[in-house]
Amino acid sequence: MSVINKSSLPKNSIITKYIEGIDYQDCYSFSIPNNSKSIQELYIAIFSSAPKWVEGLMRFRNWIVKFFGLKTEMKKAPDSEFEVGDKVGIFKIFDIQENEIIAGEDDKHLNFRVSIFRKTEETSTISIATLVHYNNGFGRFYMSIVKPFHRLVVKSLIKKAIKKL
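All of the points below concern the structure found in this document. What you see is a predicted model, and the numbers here were worked out from it, not measured in a lab. (Residues numbered from 1 in each chain as written. Predicted model: local features only at pLDDT ≥ 70, side-chain atom pairs only at ≥ 80, totals over all residues. Heavy atoms only, no water.)

### A few points about the packing of aromatic side chains
Short version of the rule: Between the rings of Phe, Tyr and Trp (Trp by its six-membered ring), a pair exists once the centres lie within 6.5 Å; its type follows the angle of the planes, with under 30 degrees stacked, over 60 edge-to-face, and the other angles tilted. Numbering of helices and strands runs from the N terminus, with a helix taken as a DSSP run of H or I at least four residues long and a strand as a DSSP run of E at least two residues long. To sort residues, take the accessible area from a 1.4 Å probe on protein chains only and compare it with the maximum for the residue type: under 20% means buried, over 50% means exposed, and anything in between is partly exposed.
Under the defined criterion, the tally for this structure stands at 6 aromatic pairs. When the ring of Tyr 43 is compared with that of Phe 47, the centres are 4.8 Å apart and the planes differ by 50°; the resulting orientation is tilted. Highlighted residues: Tyr 43 and Phe 47, both in helix 1 (residues 39-47), separated by 4 residues, approximately one helical turn. Since its relative accessible area comes to 0%, Tyr 43 is described here as buried. Under the relative-accessibility criterion, Phe 47 is labelled partly exposed at 21%.

Okay, here's the thing in structure tokens:
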């Protein structure tokens, strides 16, 4: 089983081109044996099968935030390729490179970007970075509530993806 490590943003990541004024940032990395999966297949492996408790938490989140006029649209992750501009889950795809996908969303309270970055050597190191910009005080408040869950959700998605890969 691969170990999940808190890490720094990969130095070659392009995620910072897609968000200004970073108020929150985290990054988690894990290693897998090299394989022939594309970066899109890795993205789908990570975001297509959340554990049931995460799905329940997202439904609860969506029920609450709709009263504040925040976005709640979710689309099922595709089983194959997708393109820039597509909506995959709650994430709009901003960029697809050979070794990185940038996704995220802009909303009234905050903007966020997620990077799935692969560095390949003897093994593949996959990094999942989240960057957030607060648009107002509600964004700061929202993130203070979400942050502990965010960390658990990311680690849970990684663990499930590792089993798939």
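From this point, the narrative continues.
### Observations regarding the pattern of salt bridges
This is how it is decided: Salt bridge, as applied in this entry: a Lys or Arg side-chain nitrogen positioned within 4 Å of an Asp or Glu carboxyl oxygen.
With the rule as written, the count across this model stands at 2 salt bridges. Glu 105 serves as the salt-bridge partner of Lys 87, at 2.5 Å between the closest nitrogen and oxygen. With a gap of 18 residues between them, Lys 87 in strand 3 (residues 87-88) and Glu 105 in strand 5 (residues 100-106) connect regions that are remote in the sequence. Look at Glu 105 and you get buried, because its relative accessible area is 11%.

### Things to note about a positive patch on the surface
Heads up, the rule is: Excluding any residue in a salt bridge, patches collect residues exceeding 30% relative accessible area, merging like charges within 9 Å and nonpolar Val, Leu, Ile, Met, Phe, Trp and Tyr side chains within 5 Å. Reported accessibility uses the Shrake-Rupley method at a 1.4 Å probe radius. Residues are deemed covered only where the shown protein chains occlude them. We count Lys and Arg on the positive side and Asp and Glu on the negative side, and we leave His and both chain ends out. Lysine's charge is taken at NZ, arginine's at CZ, aspartate's at CG and glutamate's at CD.
Taken together, the side chains of Lys 6, Arg 151, Lys 155, Lys 159, Lys 160, Lys 163 and Lys 164 present a region of like positive charge at the surface. Looking at the positive patch element by element, the count peaks at 6 residues for helix 3 (residues 137-164). Within the fold, Lys 163 resides in helix 3.

Geometry only, nothing functional implied.
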